[in-house]
Amino acid sequence: MIEVRDLTKSYGQHKAIDRLNFSVNKGEVVGFLGPNGAGKTTTMKIITGFMAPSSGEVNVAGHDVFEDPVEVKKRIGYLPETPPVYGDMTVEEYLRFVANLKGVERARVPSLVARAIEKTSLGDVRRRLIQNLSKGFRQRVGISGALVSDPEILILDEPTVGLDPRQVAEIRALIKELAGHHTILLSTHILPEVQASCSRIIIINRGKIVAEDSLGGITQRMAGAGRVTIKVRRSPPSLAEGLSRLAGVRGVRASDASANGRGHGAIAALHSAFEIETDGGEDAVERIAAHVVGAGAGLVDLRSESADLENVFLQLTSSEEQQNQGVES
Amino acid sequence: MRGTLAIAGKDLRSLFYSPLFWVTAFLLTLIWSGMYHISLGEFAQRANMARMQMQGAEGGPNLHSEVFTRHVALVHFFMILAVAALTMRLFAEEKKQRTFDLLLTSPVTATQIVAGKFLAGLAAAWSLILLSLLYPLATMTIANFDWGPLAAAYIGLMLLVACYVAVGMFASSLTESAVLAVVMALIFSVGIWFVGALSDAVDSPAMVALFEHLSIGNHFSDFMRGGVGVASVVFFLSMIFLNCFLTQRVVESSRWR
Ligand SMILES: Nc1ncnc2c1ncn2[C@@H]1O[C@H](COP(=O)(O)OP(=O)(O)OP(=O)(O)O)[C@@H](O)[C@H]1O
Ligand SMILES: [Mg+2]
């Protein structure tokens, strides 16, 4: 449905996105995940035809965005970062305007407006001026506007920003409900959001895709990784080396927790901490514990975490960052 | 077409719901009726005097040149200010409120957006002109006069005001700030009156002829004298087209930034 090929956008010297390649199939809900400034909004603006890329192609439902923008725009409902609402209109007037602007059949306008209002539970405020609505309601009016033309594709830029927890849950449920009928690309930097509503995740950092997988695939990828953090009172130089030779251990790193601890007093200064990457199995944890105790290092703390989405996200985005910094410097 | 009308309707509605339009209309009515009253009174006095002196001979002061021309000139002057105020928000506000995102991601072309906005501005401006037409219409109840020259003057006025709408819309498309838009619109609208003055500054006869043709004053005074010349109509229409075209380029180029 959406195909993005070698998409690049530079703002002057700065590359906001750098040769992105991905596609979204019909009926899929894809989460576009990345930290601030990753290039999510930029990518979405290009797909919707709001902005031209520096190079690359976008194909939506068989139409090229730059050669056939009107055809593409007919099929897309877009919620920008800031909901594009007119303060001097009522909710209903606004939705009617959007429906007309999107060129839906005149006869369908009233029913589509009613449907959009119902789906986003705006019934109580339908006759209120938008400028008098709270931020969360304005966000919902924005979502409603994206839905109102019943487009094949929905592109939602951080749809749940500014909503209260109950509304967040409602919108997530709504996205799930819309899933079969529409193709959805939504951006977020909140992980539970993708876990709640997306069938596939694209993680983007500094303008590059760092991971692209189904939710299950990413979870599985994480299942194959675990992390054990230990704190010891004495750390003979052989300790780290011994740890790294254990079966199931992938890497050992003296973590900076000890460095942080130094400021807190003499006792903390005596501790050293290690972060140990494992294959995620319990055997590895057992072997680590046995080794540390056997080495007489004075174990004071041992924590085992199975990596969750959050961790993978941090890992993927921060390692990329280090690489990039390495290249730049 | 539908997109154009939707945008025109939206902008017109927002103008008619804003105090800006009604305050402008109220103040203009106040000034116009005061001035019209004064010039009509003066005209009546002079007409009486002339009738006594000439004892029924033909001639005497002419209602069109003495009252209507002054009225149209006054309306024109205030319309420069009013149109700048009415058009300032057409694009600037959309950009500032980020609603421009909606227009640019909807299945409408830049041309349709510009056409819709121009129509909205034009409708608002012309409705003020129709308001000013009420005074000559009221005069009809107390005097007989030739409608031709008045109609010509009003056609000229409407074309000229349409130019100001296009100019104001162009100014608005250049910025996010409505204040800046109004300042630019005023400078552009007044500035185009001085293009004709350049004919004094050039030597070659061809250039003089060119600048004289580009002089808004020359074209507008044709209409004021009661003539509707094809050249003048074409001149105004091309001014309108030029400014709409420039606006369309600006809107289109916002994609490339
Ligand atoms: N108009 C602009 N001019 C210059 N640089 C820009 C512009 N818009 C975005 N950028 C840069 O492009 C990069 C990507 O920005 P973008 O808005 O796409 O990020 P994002 O992933 O949407 O972030 P967020 O999560 O904060 O919304 C950023 O480094 C940003 O500084
Ligand atoms: Mg963003």
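So, here's what we can say about the structure. Residues take numbers from 1 onward in each chain, read along the sequence in its written order. Chains and ligands are labelled sequentially in the order written, the chains with letters from A and the ligands with numbers from 1. The predicted origin of the model limits local features to residues at a pLDDT of at least 70 and limits the giving and counting of side-chain atom pairs to 80 or more, whereas totals for whole chains, interfaces and linings rest on all residues. Hydrogens and water are ignored here; the side-chain numbers use all heavy atoms of the structure.

1. Some thoughts on the interface of chain A and chain B
The interface of chain A with chain B comprises 29 residues on the first partner and 22 residues on the second. For any pair of parts, buried area is found by adding up, for both, the accessible area (1.4 Å probe) each one loses once the two are put together. Carbon and sulfur atoms supply 61% of the area buried between chain A and chain B, which totals about 2,400 Å² over both sides. Together, Phe50(A), Tyr86(A) and Leu101(A) form the three largest contributors to the area buried by chain A at its contact with chain B, with a combined 28%. A carboxyl oxygen of Asp or Glu within 4 Å of a side-chain nitrogen of Lys or Arg is what we treat as a salt bridge. Taken together, the links from chain A to chain B amount to 1 salt bridge. Whether two residues touch is decided by their heavy atoms; if any such pair falls within 4.5 Å, the residues are in contact.

2. Section: the packing of helix α3 (residues 91-101) of chain A against helix α5 (residues 135-147) of chain A
All names here are of chain A. Two elements in contact, α3 and α5, have axes whose closest approach is 9 Å; the angle formed by their N-to-C orientations is 30°. On the basis of the axis angle, α3 is roughly parallel to α5. Crossing of α3 against α5: the hand is right-handed. Touching Val91, Tyr94, Leu95 and Val98 of α3 are Val141, Ser144 and Gly145, all from α5. Helix axes are fitted only over the stretch in contact, all axes being lines through C-alpha atoms; the angle between N-to-C directions runs from 0 to 180 degrees. Strands are runs of DSSP state E lasting at least 2 residues, helices are runs of H or I lasting at least 4, and numbering of each runs from the N terminus. Here roughly perpendicular refers to angles of 65 to 115 degrees, roughly parallel to angles under 35, roughly antiparallel to angles over 145, and oblique to all remaining angles. Should the near helix be turned anticlockwise from the far one by less than a right angle, the crossing is left-handed, and should it be turned clockwise, the crossing is right-handed.

3. Looking at the pattern of salt bridges
In total, this model carries 26 salt bridges over all chains according to the counting rule given. Put simply, Arg5(A) and Glu3(A) hold a salt bridge, and the shortest N to O gap is 3.4 Å. Of the charged contacts in the structure, one is a salt bridge between Glu93(A) and Arg13(B), with a shortest N-O distance of 2.8 Å. Within this pair, whereas Glu93(A) is found in helix α3, its partner Arg13(B) is found in helix α1 (residues 2-16), the two belonging to separate chains. Accessibility expressed as a relative area gives 24% for Glu93(A), which makes it partly exposed. Residues joined in a network through salt bridges with shared partners are Lys15(A), Asp18(A), Arg19(A) and Lys208(A). Exposure classes here rest on a 1.4 Å probe applied to the protein chains alone. A residue is buried below 20% of its type maximum, exposed above 50%, and partly exposed in between.

4. Here's the deal with the sheet that holds strand β6 (residues 76-79) of chain A
Residues and elements named next belong to chain A. If DSSP finds at least two bridges between two strands, the strands pair. Spatially, the 6 strands line up as an open sheet ordered β6-β7-β8-β3-β9-β10, and their pairing is mixed. If you trace the sheet from one side to the other, it starts and ends with β6 and β10 (208-214), each paired once. With strand direction ignored, the average angle separating the axes of adjacent strands in the sheet is 15°. Where helix α1 (residues 40-47) meets the sheet, it contacts β3 (29-33), β6, β7 (153-157), β8 (183-188) and β9 (200-205), and its direction lies at approximately 150° from that of β8. Its contacts with the sheet put helix α6 (residues 165-179) on β3, β7 and β8, and the angle it makes with β8 is roughly 150°.

5. With respect to the site of ligand 1
Residue and element names in this part refer to chain A. To be near a molecule or strand, a residue needs just one of its heavy atoms within 4 Å of it. Near ligand 1 lie 14 residues; those nearest to it are Gly37, Lys40, Thr41, Thr42 and Glu81. Within the backbone of alanine 38, an N or O atom sits 3.2 Å from an oxygen atom of ligand 1. In the analysis that follows, any N or O atom pair within 3.5 Å is treated as a polar contact, provided that within protein one partner can donate a hydrogen and the other can accept it, and provided that, for residues neighboring in sequence, both atoms belong to side chains. Contact between ligand 1 and glutamate 81: an oxygen atom at 2.6 Å from a side-chain N or O atom of the residue. Out of a free accessible area of 630 Å², ligand 1 has 63% covered by protein chains. Here the shell around ligand 1 is composed, by residue class, of 4 nonpolar, 7 polar and 3 charged. To be clear on the numbers: accessible area is Shrake-Rupley with a 1.4 Å probe, and residue cover counts the displayed protein chains and nothing else. Note on residue categories: nonpolar means Ala, Val, Leu, Ile, Met, Phe, Trp, Tyr, Cys or Pro, charged means Asp, Glu, Lys or Arg, and polar means any other residue, Gly included.

By themselves, these are just geometric observations and shouldn't be taken as functional.
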